[in-house]
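# Working through the structure, step by step
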Amino acid sequence: MILNEKLKKAIAAACDKFSTPLYIYLPRIIEEKIKQVYMVFKSIDFHPTFAVKANYNPALLRIIHDNGFGMDVITRGELAAALMAGTAPHKIVINGCGKTAEEMAEFLKVGVGAVNIDSIEELSGWKNALKTSSHKPDFFVRLNSEVDAMTHPFISTGLKKHKFGVPLKLLDDFFAAAAKNKINISGFHIHIGSQITEVSPYYEALSQICNIASRRGIKNINIGGGWGIDYTGEKLDLDEYKRTIVPLLKKFRVSCEFGRFITAESGLYVTRAVTVKNNGYKNFVITDGGMNHLIRPAMYGAIHEFEIIGKTNDKCEVNYDIVGPLCETGDVLYRSHEGSLPYPGALIVFKNAGAYGFAMSSNYNSTLRPAEVIISDKYEIKLIRKAETIDDFLRTARL
Ligand SMILES: Cc1ncc(COP(=O)(O)O)c(C=O)c1O
């Protein structure tokens, strides 16, 4: 997405009003992405959910909810955000590989619609939790299909060395243990990884899973998330996905848990250049926000393209890194950019930051989390989360 002049003006106005760093979202893009999802699955019985881990802002969840999505949650915090957004409990799906007894009790009390069980070991926990509950969700089993998602190792989840799911060779044991614990398994769930840009790993995993489901009379399949977006020129080909994957799913009631695909492109992380420094060896643009609020470049080597709003030195092009203000060498937002240096005060707008951006932010170096705003199609600015204050930051501390 190229920022047009009106949007640049609105971004600058939002930064003046709410300060930087700042997260900005464009709801129109979320709605476009949702339409694309519905187009792919329009020929089958399809029940989408959004993976709240990607972005838990309730105002954004409300938009996604209003477009027909349920919510996939892992923790009580994500559950609270989903409920605040207005999600009906029966449209909430529970995931996670380490659910505690307290969490299970709360999920049942709220009346969630479905639970993906991650292991044989988890079954007894649900048996105990169900003893004191009048509510019984649908139970699915998360399968580990041992398929290489060909993505970054930190966001690949479907190999046997990974902690997630029940390996296919233990499936008989799993069903025997489920019967012993009186838990009826009505669906299969897979999630092989995130930021997947090839259709083939999906084909490999889902063709196996659908065959096993047919043999066992399982009617529900949750296909997880993982659709890769265009950070650097590569993305999942949705036409190919529709042609290749959707026919496999025709006989099933299909759910999904897309995160990144829905919100990533709608989000901008905006920082302001504070210092522009040359140490005799290298140029650095030091901004007022860093890996504390957008950790993906530091953690995964991810690339978030950026635009500058404000003055740049157009006399020469140089090579520079954009770095944050933290006491950490790894606090890098963009490595080795070739171009005009911004002057201090210019805004640096990082794109595709709407998934795993704010959601992975922290208070590291005792920094405060930034505000979040939306900018509408009419360039109206609305605050959807206030920036943290020092009072917020110290509220839970005790001497
Ligand atoms: C179980 C599960 N489902 C869904 C998702 C969402 O993945 P994505 O944001 O790549 O769509 C994740 C992300 O890691 C996940 O772990």
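Cut-off values and rules
- Residues numbered from 1 in each chain as written.
- Predicted model: local features only at pLDDT ≥ 70, side-chain atom pairs only at ≥ 80, totals over all residues.
- Buried ≥ 20, exposed ≤ 12 C-beta atoms within 10 Å, placed from the backbone.
- Helix = DSSP H or I, 4+ residues; strand = E, 2+ residues; numbered from the N terminus.
- Contact = placed C-beta atoms within 7 Å.
- Axes fitted to C-alpha atoms, helices over the stretch in contact; angles between N-to-C directions.
- Parallel < 35°, antiparallel > 145°, perpendicular 65-115°, else oblique.
- Left-handed = near helix turned anticlockwise from the far one by under 90°.
- Nonpolar A, V, L, I, M, F, W, Y, C, P; charged D, E, K, R; others polar.
- Domains from an automatic or database assignment.
- Near = placed C-beta within 6 Å.
- Pairing = 2+ DSSP bridges.

This next bit is on helix α3 (residues 58-66). Among all positions of α3, only L60, L61, I63, I64 and H65 are buried. Packing partners of the buried residues in α3 comprise β1 (22-25), α2 (27-41), β2 (45-51), β3 (70-73), α4 (76-84) and α10 (260-263). In the segment just after α3, G68 is the residue with positive phi, at about 95°.

Our next topic: the environment of V349. Examined against the element boundaries, V349 turns out to sit in strand β16 (residues 347-350). C-beta crowding within 10 Å serves as the criterion here: with 24 such atoms nearby, V349 is assigned to the buried category. Taking the C-alpha atoms as reference, V349 lies 17 Å from A298; in sequence the two are 51 residues apart. Residues within four places of V349 in sequence aside, it is in contact with L3, I11, L268, V270, F306, E307 and I309.

Right, let's talk about the packing of helix α5 (residues 101-110) against helix α6 (residues 123-131) for a bit. Between α5 and α6, whose axes approach to 9 Å, the crossing angle comes to 50°. With respect to each other, α5 and α6 are oriented oblique. Like other packed secondary-structure pairs, α5 and α6 cross with a definite hand, here right-handed. For the pair α5 and α6, contact is made by A101, M104, A105 and L108 and by G125, W126, N128 and A129, respectively. Within the contact of α5 with α6, the residues separate by chemical class into six nonpolar, two polar and no charged.

For the rest of this paragraph, the subject is the domain arrangement of the chain. Partitioning the chain into domains gives domain 1 (5-24 + 265-393) and domain 2 (27-260). Using C-alpha coordinates to define each centre, domain 1 is positioned 32 Å away from domain 2. Contacts between the two partners involve 18 residues from domain 1, matched on the other side by 18 residues from domain 2. Residue assignment for the side of domain 1 that touches domain 2 shows that the elements contributing at least two residues are β17 (371-375) and β18 (381-385). Of the residues contributing to the side of domain 1 that touches domain 2, the split by class is nine nonpolar, five polar and four charged.

Around the ligand sit 17 residues in total, of which A51, S194, G225, G259 and R260 are the nearest. Taken together, the elements giving at least two residues each to the shell around the ligand come down to β10 (253-258) and α10.

Attention now goes to unusual backbone geometry. Residue T20 is joined to P21 through a cis peptide bond whose omega torsion reads -5°. Unlike most non-glycine residues, S19 shows phi in positive territory, near 75°. Take S19: it is sitting in the loop between α1 (5-18) and β1. Residue classification places S19 among the partly exposed residues on the basis of 13 C-beta atoms within 10 Å.

To continue, consider the pairing of β17. A large share of β17 lies buried, amounting to five of its five residues. Burial along β17 is two-sided: the face carrying A371, V373 and I375 and the face carrying E372 and I374 are both buried. When β17 meets β18, the two strands line up antiparallel, connected through four bridges. Bridge assignment links E372 to a residue of β18, and that residue is R385. Where β17 folds back onto β18 in an antiparallel hairpin, the turn is made up of five residues, including Y379, whose phi is positive at roughly 65°.

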